[in-house]
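# Inside the fold
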Amino acid sequence: MSSSLSIFRKVAVAEGISYLLLLFVAMPLRHFAHLDLAVKYTGWVHGILFIAYVALLVMTWQEQKWKFGKAVLIFLASLLPFMPFVVDRKLKDERPK
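Each value, and the rule that gives it
- Counting from 1, residues in each chain are numbered in the order their sequence is written.
- Predicted model: local features are reported for residues with pLDDT of at least 70 only, side-chain atom pairs are reported and counted for 80 or more only, and whole-chain, interface and lining totals are derived from all residues.
- The side-chain numbers reported here are obtained from all heavy atoms of the structure, hydrogens and water having been left aside.
- Secondary structure follows DSSP: runs of H or I at least 4 residues long count as helices, runs of E at least 2 residues long count as strands, and numbering of each begins at the N terminus.
- Contacts were defined at the residue level, with two residues in contact if any of their heavy atoms lie within 4.5 Å.
- Just to be clear on terms, a salt bridge is a Lys or Arg side-chain nitrogen sitting within 4 Å of an Asp or Glu carboxyl oxygen.
- Burial here depends on accessible area, computed with a 1.4 Å probe over protein chains only, as a share of the maximum for the residue type. Under 20% is buried, over 50% is exposed, and the range in between is partly exposed.
- Each polar contact in these results corresponds to two N or O atoms within 3.5 Å; when the atoms are within protein, one needs to be able to donate a hydrogen and the other to accept it, and residues that are neighboring in sequence are counted only if both atoms are side-chain atoms.
- All axes are obtained by fitting lines to C-alpha atoms, using only the stretch in contact for helices, and the reported angles, taken between N-to-C directions, cover 0 to 180 degrees.
- Oblique is the label for any angle not covered by the other classes, which are roughly parallel (under 35 degrees), roughly antiparallel (over 145) and roughly perpendicular (65 to 115).
- When the near helix sits turned anticlockwise from the far one by under a right angle, the crossing is termed left-handed; a clockwise turn instead gives a right-handed crossing.
- The nonpolar class holds Ala, Val, Leu, Ile, Met, Phe, Trp, Tyr, Cys and Pro. Asp, Glu, Lys and Arg form the charged class, and all remaining residues, Gly among them, are polar.
- Here is the rule: rings of Phe, Tyr and Trp (six-membered ring for Trp) pair when centre to centre is within 6.5 Å. Planes less than 30 degrees apart are stacked, more than 60 are edge-to-face, and the remainder are tilted.

As a further point, take the side chain of Asp88. Structurally, Asp88 can be placed in helix H4 (residues 83-91). When near neighbours in sequence (up to four residues on either side) are disregarded, Asp88 contacts Arg9 and Val13.

Further remarks concern the pattern of salt bridges. Counted according to the given criterion, the structure contains 3 salt bridges. The closest approach of N and O atoms between Lys70 and Glu94, which form a salt bridge, is 2.7 Å. With Lys70 in helix H3 (residues 68-77) and Glu94 in the segment after H4, this residue pair connects regions lying 24 residues apart in the sequence. A relative accessible area of 22% means that Glu94 is categorised as partly exposed.

Secondary-structure assignment places Ser4 in helix H1 (residues 4-32). In this structure the side chain of Ser4 is engaged in a polar contact, spanning 3.1 Å, whose partner is the side chain of Glu63. Those residues in contact with Ser4, other than ones at most four positions away along the chain, are Met59, Thr60 and Glu63.

Take the packing of H1 against helix H2 (residues 36-64) next. Two elements in contact, H1 and H2, have axes separated by 8 Å at closest approach and are oriented at 155 degrees. The angle between H1 and H2 falls in the class roughly antiparallel. Here H1 runs over H2; the crossing is left-handed. Of the residues contributing to the contact of H1 with H2, the split by class is 21 nonpolar, 7 polar and 4 charged.

Relative to the helices and strands, Ala38 resides in helix H2. Residues Ala38 and Pro28, 10 residues apart in the sequence, show an inter-C-alpha distance of 9.3 Å.

Looking now at the packing of aromatic side chains. Across all of its chains, the model carries 4 aromatic pairs by this definition. Ring centres of Phe8 and Tyr53 lie 4.9 Å apart, and the angle between their planes is 50 degrees; on these two criteria the pair is classed as tilted. Of this pair, Phe8 sits in helix H1 while Tyr53 sits in helix H2, and the two are 45 residues apart along the sequence. You'll find Phe8 and Tyr53 in the same group, each marked buried.

In short, shape yes, function no, at least from these values alone.
Set out below in structure tokens:
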């Protein structure tokens, strides 16, 4: 059975990819090609993944017994492009409890 840490890492990468697609593919398509649906659907996917990221962050925080500050930093990382990939790399060597 997968720990919440391993699931969280996978969702973090997926959320990071969806964020980059939203910012660097869907938004330019909206503004330059007037394809509003690109943002609508990419935004929905990103929103669902962001909610999963936050929910899994809370579960992993409790399971791994992280300090509050670490959980806050990991949350803030989800708000910046490319940072979910840094989070994944930092958590790569952490052992599930």
